[in-house]
Amino acid sequence: MTSATVSAQPKPANGFSRARRAFRNWRRTRPFWAGLLILLAAGPILYFPYASLSIGVLRIQMATTAGAGSAVIGLLLAALGISVWFQLHIRVFAGIAAIVLSLVSLPVSNFGGFGMGLLLGLLGGMLALSWAPLKAAPEAAPEAAAAPAEAVAEEETTPIAAMMQVDEAPTAVLPEQKTDSLDEEEAPRGE
């Protein structure tokens, strides 16, 4: 049983419970975890090129020309992560773009944010590509329940399905052949 198939519960009484339930319902109708992972992938990619790391007395400064590329990749990943949440129809594009940007961050942005941004971006992009909305169970109309089965089947057939429903195999109708021998004058001469 998944969280998407759990039956609805009665309305909560307080405001926090209502907000939590509204957020859960909103989250279930979109690729939330894909967008969150893509958004989190932007963090390490943006942070590490501009960070000063100190290990004892050793100070490591990584601000290089790769910082501009890291800023572009990080900001684009953040925009893609948010757009996956609010623009459901571009989830395939956003997933592919997140995967490509994460792979490009490998040489541009300190091994993709030391692998953290790379892995989060790849995983989020794959989740965005694989997400599909749940299909609601079709509700039967009262008229359809009263109609005979053959009438319902005829209404539901698509043009391709209608072409596939053939009662018998098509046969070619050939002209009747004469079975008796032909006379010399009736026989056609070699054409």
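Cut-offs applied
Here the residue numbers are simple positions, counted from 1 along each chain's written sequence. Given that the model is predicted, a residue must reach a pLDDT of at least 70 before its local features are reported, and side-chain atom pairs must reach 80 or more before they are shown or counted; all residues, however, enter totals for whole chains, interfaces and linings. Calculation of side-chain values draws on the structure's entire complement of heavy atoms; hydrogens and water are dropped beforehand. Nine residue types can take part in a nonpolar core, namely buried Ala, Val, Leu, Ile, Met, Phe, Trp, Tyr and Cys, and a core is a set of them joined through side-chain atoms within 4.5 Å. To sort residues, take the accessible area from a 1.4 Å probe on protein chains only and compare it with the maximum for the residue type: under 20% means buried, over 50% means exposed, and anything in between is partly exposed. Counting from the N terminus, the helices are the DSSP runs of H or I reaching at least four residues and the strands are the DSSP runs of E reaching at least two. Two residues form a contact once any of their heavy atoms are found within 4.5 Å. A helix is expected to span 1.5 Å multiplied by its residue count minus one. Lines fitted to C-alpha atoms define the axes here, with helix axes fitted over just the stretch in contact, and angles between the N-to-C directions of these axes take values from 0 to 180 degrees. Working definition: roughly parallel below 35 degrees, roughly antiparallel above 145 degrees, roughly perpendicular at 65 to 115 degrees, and oblique for all remaining angles. The handedness criterion is simple: a crossing whose near helix is rotated anticlockwise from the far helix by less than a right angle is left-handed, and one whose near helix is rotated clockwise is right-handed. Following the grouping adopted for this structure description, the nonpolar residues are Ala, Val, Leu, Ile, Met, Phe, Trp, Tyr, Cys and Pro, the charged ones are Asp, Glu, Lys and Arg, and the polar ones are all others, Gly among them. Here a Phe, Tyr or Trp ring, Trp counted by its six-membered ring, pairs with any other such ring whose centre lies within 6.5 Å, and the pair is stacked when the planes are under 30 degrees apart, edge-to-face when over 60, and tilted otherwise. Definition of a polar contact: a pair of N or O atoms within 3.5 Å, with one able to donate and the other able to accept a hydrogen when the atoms are protein atoms, and with sequence-neighbouring residues admitted only if both atoms are side-chain atoms.

The chain carries the name DUF6114 domain-containing protein in an unreviewed UniProt entry, which gives Streptacidiphilus monticola as its organism.

Peer 1: I'd like a description of the nonpolar core, backed by residues and values.
Peer 2: Counting residues in hydrophobic clusters, the biggest one holds 13 residues, and the most contacted among them are I38, I73, L77, L80, A98 and L101. In terms of residue count, helix α3 (residues 66–86) provides more of this core than any other element does, 5 residues in total. Discounting chain neighbours no more than four positions away, the residues touching L80 are I38, F93, A94, A97, A98 and L101.

Peer 1: For the environment of I90, give the residues involved together with the corresponding values.
Peer 2: Assignment of secondary structure puts I90 in the loop between α3 and α4 (91–108). On the basis of relative accessibility, which here comes to 24%, the residue I90 falls in the partly exposed class. Spatially, the C-alpha atoms of I90 and A128 are 9.5 Å apart, while their sequence positions differ by 38 residues.

Peer 1: Let's hear about the environment of F48: which residues, and what values?
Peer 2: As for its position among the elements, F48 is in the loop between α2 (32–47) and β1 (52–55). In this structure the C-alpha to C-alpha distance between F48 and S109, which are 61 residues apart in sequence, comes to 8.0 Å.

Peer 1: Explain helix α6 (residues 116–130) to me, using residue names and the numbers behind them.
Peer 2: Its 15 residues place the ends of α6 21 Å apart at the C-alpha level, agreeing with the 21 Å of an ideal helix rising 1.5 Å per residue. Considered for burial, the residues of α6 that qualify are G117, L118, G121, L122, G124, G125 and A128. Elements in contact with the buried residues of α6: α2, α4 and α5 (110–114).

Peer 1: Run through the packing of α2 against α6, naming residues and quoting values.
Peer 2: Their axes nearest at 7 Å, the elements α2 and α6 cross at an angle of 160°. In terms of axis orientation, α2 runs roughly antiparallel to α6. For the pair α2 and α6, the crossing hand works out as left-handed. Contacts between α2 and α6 involve W33, A34, L37, I38, L40, A41, P44 and I45 on the former and, on the latter, M116, G117, L120, G121, L123, G124, G125, L127 and A128. For the contact of α2 with α6, the class distribution of residues is 13 nonpolar, 4 polar and no charged.

Peer 1: Can you break down the packing of aromatic side chains residue by residue, with the values?
Peer 2: Overall, the coordinates contain 8 aromatic pairs when judged by the stated rule. Aromatic side chains F23 and F32 sit 5.6 Å apart centroid to centroid with 85° between the ring planes, which places their arrangement in the edge-to-face category. Residue F23 is classed as partly exposed on the basis of its relative accessible area of 41%. Relative accessible area serves as the criterion here: at 10%, F32 is assigned to the buried category. Here the aromatic cluster, defined as three or more aromatic residues joined through ring pairs, consists of F23, W26, F32, W33, W85 and F86.

Peer 1: I'd love a proper account of the side chain of S105, names of residues and values included.
Peer 2: Tracing the sequence through the fold places S105 in helix α4. You can call S105 buried: its relative accessible area is 0%. In this structure the side chain of S105 is engaged in a polar contact, spanning 2.6 Å, whose partner is the backbone oxygen of S102.

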